[in-house]
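# Coordinate inspection notes
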Amino acid sequence: MSPATMIAFVKQFVHENDVESIQELEAKEEDDILVLFKGMELQGNVEYGSTGSAGKDFGGMQSSKPLAVIRPAVSEDVAKVIRLASRSQHLTVAARGNGHSINGQAMAHRGFVIDMKSMETRIEVGPTRKYADVSGGALWEEVLKYVLSHGLAPRSWTDYLGLTVGGTLSNAGVSGQTFIYGPQTENVTELEVVTGKGDVTVCSHTQNSELFFSVLGGLGQFGIITRARVLLQPAPNMVRWIRMVYNEFSEFSRDAELLVTREEGDSFDYVEGFVFVNSNDPVNGWPSVPLDANYPFDSTRIPRTAGPVLYCLEVALHHRKDDPTVGIRVEQLLGQLRFCEDLRFEVDVQYVDFLLRVKRAEKEAKEGGIWDAPHPWLNLFVSKTGIADFDRVVFKNILKHGVGGPMLVYPLLRSKWDNRTSIVLPDGDIFYIVALLRFCFPYTKGLSVEEMIAQNQEIIKCCNTNGLDFKLYLPHYNSEEGWKQHFGNQWTRFQERKACFDPNAILAPGQKIFPKNWQLS
């Protein structure tokens, strides 16, 4: 019987006064692991028996204690760790980027956590200047800084750039450019992946394509991304950033859909939207809308028919500094829109400042002591057929007082998403992303973390009760049945991919999709 099996057996019968015995067993298990690691000759290093940041994540609602944190130097280090774990009946491996998962997805309790940021950040622009080869542990903000020095930029972004390349590609990577170029998973042409078998494999649309499409949006279940070839385009130097307020959701959604369905080149370069509370609440209400402190929100301009929440359509147009035509182009694009008169806000900012806009919010949150507080976020994809009911039931009712942070909602086009990836979407040509980015304010009388989680569950229940077609984005379920319902008719394909690339379910145990050695159960 292995030390781990012995621990599991003893814990079934343990009493409080037996804790010291369990600690002794766990210490022996760690000693056994240490012996195994000593013969591996990793180029990186290993930290044993330490929780630290590897036992936590941005969500702040889960914690774990990994046996070891591995800081690899090269892809082969990752492969060696996975092969080591495959020799055990219980060891698992989780890749950790910048720790921005919400529900413990990047944790491996009593397993190995691989710190992907420790790998050397390598960013190389290709000879055609149409792509860059980027290490999987690089942050998107690092990618931005490097390729901008070449006058280039990735085509598709996330709103927050303090995320790793491998992390966002394992989910989707969505922002206001997605309606043009698709998510970040549609903007890579080649990957280097370490599979759950410990194989280092290069894959693309034409080479090892099943692995390529499996890993994209695969929630870390099939392999760890150690390199990605990211598509680039010439970078603008300025952005005209505009926000427009609506009091009716029907008009907001009409205009948003109008903008994202126009021919490429005949719309803005970025389209998002959000819901805010119709009050002077400094976090959830009117003050969250203006882009320039010198031009505050004039609440007298709100129509008297407005309800408890209002809507903001946020757009951006790339341009060159001193371009005399930018104003004309903006007015042409806004000509058919029905936003509230005199509730339009706009500024010109440098392109890099626009992309790093959330970085400033991060700095303010850290200074205010809320960045490290729990974040019970909820992200969904909701079909166009159900988004009006979602507004009625959720935004106007459950969330009419806000969530202590942004409530994003904007349309995406299914045609921009390749159905060969592992991402699951609701039906229909148009669907909406809804992101409830909750922040816990420790010094206010807002909802507790438990109440926020309960409210999230209430929202999901209401979606099911009202028959809305939706899928969780950055999903989290605690049962196989939940995952089966999530994947729907793609569940069999997902299982087959798992059996092919990680048959012993070594990878990403924190997702709680497949138990170790699941095919034997």
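Residues numbered from 1 in each chain as written. Predicted model: local features only at pLDDT ≥ 70, side-chain atom pairs only at ≥ 80, totals over all residues. Heavy atoms only, no water.

Definition in use: UniProt positions are given in the numbering used here, feature names are shortened, and annotations may be inferred rather than shown by experiment.
Under an unreviewed UniProt entry, the name given to the protein is cytokinin dehydrogenase, and the organism recorded is Abeliophyllum distichum. In its Cofactor (unreviewed entry) section, the UniProt record describing the protein reads: "FAD". In its Sequence similarities (unreviewed entry) section, the UniProt entry covering the protein states "Belongs to the oxygen-dependent FAD-linked oxidoreductase family."

## Some details on the pattern of salt bridges
Applied cut-off: Every case where a carboxyl oxygen of Asp or Glu lies within 4 Å of a side-chain nitrogen of Lys or Arg is listed as a salt bridge.
All chains considered together, the criterion is met by 28 salt bridges. When salt bridges with common partners are traced through the structure, they connect R240, E331, R344, E346 and D348 into a single cluster.

## Looking at the sheet that holds strand β11 (residues 238-246)
The condition that has to hold: Any two strands with at least two DSSP bridges between them are considered paired. Labels follow the DSSP assignment, with helices taken as runs of H or I lasting at least four residues and strands as runs of E lasting at least two, numbered in each case from the N terminus. Only the stretch in contact is used when fitting a helix axis, every axis being a line fitted to C-alpha atoms; angles between N-to-C directions are given from 0 to 180 degrees. Contacts are residue-level and defined by heavy atoms, with any inter-residue pair within 4.5 Å sufficient.
Sheet architecture is open: eight strands sit in the order β14-β11-β13-β12-β16-β17-β15-β18, paired in antiparallel fashion. Of all the strands in the sheet, the pair left with one neighbour each is β14 (344-350) and β18 (470-472). Taking each pair of neighbouring strands and ignoring which way they run, the sheet shows an average axis angle of 20°. Taken together, the two bridges between strand β12 (residues 270-277) and strand β16 (residues 407-413) define a ladder with antiparallel strand orientation. What sits directly across from V275, in β16, is M407. Across the face of the sheet, helix α9 (residues 326-334) comes into contact with β11, β13 (309-319) and β14 while running at roughly 140° to β13. Relative to β18, helix α13 (residues 449-465) is tilted by about 150°, and along the sheet it contacts β15 (378-383), β17 (430-436) and β18.

## Re helix α4 (residues 140-148)
Spelled out, the test is: Buried means the residue's accessible area, taken with a 1.4 Å probe over protein chains only, is under 20% of the maximum for its type, while exposed means over 50%, and partly exposed covers the values in between. When we speak of the arc, we mean the arc of directions from the helix axis to the C-beta atoms.
Listing the buried residues of α4 in full gives W140, V143, L144 and V147. Across the axial projection of α4, the buried residues extend over an arc of 100°, all falling on one side. Against β5 (123-125), β6 (131-135), β7 (152-154), α5 (165-169), β10 (223-234) and α10 (351-355) lie the buried residues of α4.

## Quick word on the layout of surface pockets
To be explicit about the condition: Cavities and pockets were defined on a 1 Å grid built over protein atoms only: a cavity is a set of grid points that admits a 1.4 Å probe from which the probe cannot escape, a pocket is an open set flanked by protein on both sides within 12 Å along at least five of seven lines, and lining residues are those with an atom within 4 Å of any such point. Grid points are joined across faces, edges and corners, and a volume is the space filled by probe spheres set on the points. Gly falls in the polar group here, along with every residue not listed as nonpolar (Ala, Val, Leu, Ile, Met, Phe, Trp, Tyr, Cys, Pro) or charged (Asp, Glu, Lys, Arg).
Estimated volume of the second largest pocket: approximately 720 Å³. L378, I460, L472, H476 and Y477 are, among the 26 residues lining the second largest pocket, the residues nearest its centre. Broken down by element, the lining of the second largest pocket gets its largest block of residues, five residues, from α13. Along the lines of polarity and charge, the residues of the lining of the second largest pocket split into 13 nonpolar, 12 polar and one charged.

## Observations regarding empty space enclosed by the protein
All chains considered together, the criterion is met by two cavities of 30 Å³ or more. A per-class count over the lining of the largest cavity returns nine nonpolar, four polar and no charged. By volume, the second largest cavity amounts to about 30 Å³. In terms of lining residues, the second largest cavity is bounded by R155, W157, Q177, Y181, Q233, D269, H318 and Y351. The residue makeup of the lining of the second largest cavity, split by class, is three nonpolar, three polar and two charged.

## Observations concerning the side chain of N187
Relative to the helices and strands, N187 resides in the loop between α6 (178-181) and β8 (188-195). Residue classification places N187 among the buried residues on the basis of a relative accessible area of 3%. Setting aside residues no more than four positions away along its own chain, N187 makes contact with R155, S156, Y181, G182, R229, V230 and L231.

## Comments concerning the packing of aromatic side chains
Two numbers describe a pair of aromatic rings. These are the distance of the centres and the angle of the planes. Our working rule: Aromatic pairing here means that ring centres of Phe, Tyr or Trp (its six-membered ring) are within 6.5 Å. Orientation follows from the plane angle: under 30 degrees is stacked, over 60 is edge-to-face, and everything else is tilted. Here, over-ring charges are defined by two tests on the NZ atom of lysine or the CZ atom of arginine: distance to the ring centre within 6 Å, and angle to the ring normal within 35 degrees.
Taken as a whole and assessed by the stated rule, the structure comprises 31 aromatic pairs. An angle of 55° between the planes, with centres 6.1 Å apart, marks the rings of F274 and F276 as tilted. Of the two residues, F274 and F276, neither departs from the other in class, the shared state being buried. An aromatic cluster of at least three residues, connected via ring pairs, comprises F222, Y477, W483, F487, W491, F494 and F514. Its end group placed over the ring of F354, R357 keeps NZ or CZ at 4.3 Å from the ring centre.

## Structural notes on unusual backbone geometry
Negative phi characterises most residues that are not glycine, and trans characterises most peptide bonds. Phi angles above zero are rare outside glycine, and R129 is one such case at about 65°. If you trace the backbone, R129 turns up in the loop between β5 and β6. Residue class for R129 comes out partly exposed when judged on its relative accessible area of 40%. For K512, which is not glycine, the phi dihedral falls at a positive 60°. Its location among the elements puts K512 in the segment after α15 (491-501). Its relative accessible area of 40% is what places K512 among the partly exposed residues.

## Examining the packing of helix α12 (residues 384-398) against α13
Where we set the bar: Oblique is the label for any angle not under 35 degrees, not over 145, and not in the 65 to 115 range, which are roughly parallel, roughly antiparallel and roughly perpendicular in turn. Whether a crossing is left-handed or right-handed is set by the direction in which the near helix is turned from the far one by less than a right angle, anticlockwise for left-handed and clockwise for right-handed.
Across the interface, α12 lies against α13 with an axial gap of 10 Å and an inter-helix angle of 155°. In terms of their interaxial angle, α12 and α13 are classed as roughly antiparallel. In this structure, the crossing between α12 and α13 has a hand that is right-handed. Between α12 and α13, the residues in contact are F390, V393, V394 and I398 and Q455, E458, I459, C462 and C463, respectively. Its residues assigned to classes, the contact of α12 with α13 comprises seven nonpolar, one polar and one charged.

## Remarks on the nonpolar core
Inclusion rule: Only buried residues count toward a nonpolar core, which is a set of Ala, Val, Leu, Ile, Met, Phe, Trp, Tyr and Cys residues joined through side-chain atoms within 4.5 Å.
Core analysis: the largest hydrophobic core is formed by 104 residues, its most contacted members being L191, L313, F390 and F395. Those residues within four positions of L191 in sequence are excluded, and the remaining contacts are L169, T201, V202, C203, F212, V215, L216, I225, R227 and A228. The next biggest cluster of nonpolar side chains, apart from the first, holds 27 residues, and it includes C340, L343, F381 and L412.

## Some remarks on α13
As a reminder of what qualifies: Expected span of a helix, by definition, is 1.5 Å for each gap between consecutive residues, and there is one gap fewer than residues.
Counted at 1.5 Å a residue, the expected span for α13 with its 17 residues is 24 Å, and the 24 Å between its end C-alpha atoms agrees. Buried within α13 we find V449, M452, Q455, N456, I459, C462 and C463. Within α13, the buried residues cover an arc of 140° as seen down the axis, which keeps them to one side. In α13, the exposed positions angled more than 90 degrees off the buried face are occupied by E450, Q457, K461, N464 and T465. Elements in contact with the buried residues of α13: β15, α12, β17 and β18.

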